[in-house]
Amino acid sequence: MRDGIAISKAGVPVVVFVHTSFEKAARAQAKTQGVPDLNIYAYSVNSVNIPEAEEAAKAETAAQQFPDMIEHRRPV
């Protein structure tokens, strides 16, 4: 988080990856550090019950979002 916040404050587009269990804390930290619109991508651990093709489709969807997030500097 600290690196992502520092990079964002330097004016460089950034996406910070956090586990879903830390998403609320990450957003709170970004807000208190003056970067409430920091691009944060929350991911979950792969489940053994989810087919590999479904996990691959989720990854592809996420990958397609990143250029748009950086270009428009909007939170997820």
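Look up a bit, the structure's there.
Residues numbered from 1 in each chain as written. Predicted model: local features only at pLDDT ≥ 70, side-chain atom pairs only at ≥ 80, totals over all residues. Heavy atoms only, no water.

A. Highlighting the overall build of the protein chain. Of regular secondary structure, the protein chain possesses 3 helices and 2 strands. Along the protein chain, helices (α) and strands (β) appear in the sequence α-β-α-β-α when read from the amino end. With 76 residues in all, the protein chain has 24% of them scored as buried. Within the protein chain, contacts between residues at least 6 apart in sequence are counted, and of these 67% link residues at least 24 apart. Only carbon and sulfur atoms are counted for the fraction: they give 56% of the accessible area of the protein chain, which is about 5,300 Å². (Helix = DSSP H or I, 4+ residues; strand = E, 2+ residues; numbered from the N terminus. Buried < 20%, exposed > 50% of the residue type's maximum accessible area, 1.4 Å probe, protein only. Contact = heavy atoms within 4.5 Å. Areas by Shrake-Rupley, 256 points an atom, 1.4 Å probe, with all protein chains shown as cover.)

B. Highlighting the pairing of strand β2 (residues 39–43). The sheet contact formed by strand β1 (residues 15–19) and β2 spans 5 bridges and is parallel. Counterpart to V18 in the pairing with β2 is A42. Between the parallel pair β1 and β2, the chain is carried across by helix α2 (residues 23–32), and the sense of this crossover is right-handed. (Pairing = 2+ DSSP bridges. Right-handed = clockwise from strand over helix to strand, strands pointing away.)

C. Spotlight on the side chain of N39. Along the chain, N39 turns up in strand β2. One polar contact links the side chain of N39 to the main-chain carbonyl oxygen of V14, over a distance of 3.4 Å. (Polar contact = N/O pair within 3.5 Å; in protein donor to acceptor, adjacent residues only side chain to side chain.)

D. Main features of the environment of V35. Tracing the sequence through the fold places V35 in the loop between α2 and β2. Taking relative accessible area as the criterion, V35 reaches 6% and is therefore assigned buried. Ignoring anything within four residues of it in the chain, the contact list for V35 reads I5, S8, K9 and A30.

E. Geometry of the environment of A30. Within the secondary structure, A30 is located in helix α2. Owing to a relative accessible area of 1%, A30 belongs among the buried residues under this scheme. Along the backbone, A30 and I5 are 25 residues apart, and their C-alpha atoms lie at a distance of 6.7 Å. Among all residues touching A30, those that are not within four sequence positions of it are M1, I5, V35, P36, L38 and I40.

In short, geometric facts, not functional conclusions.
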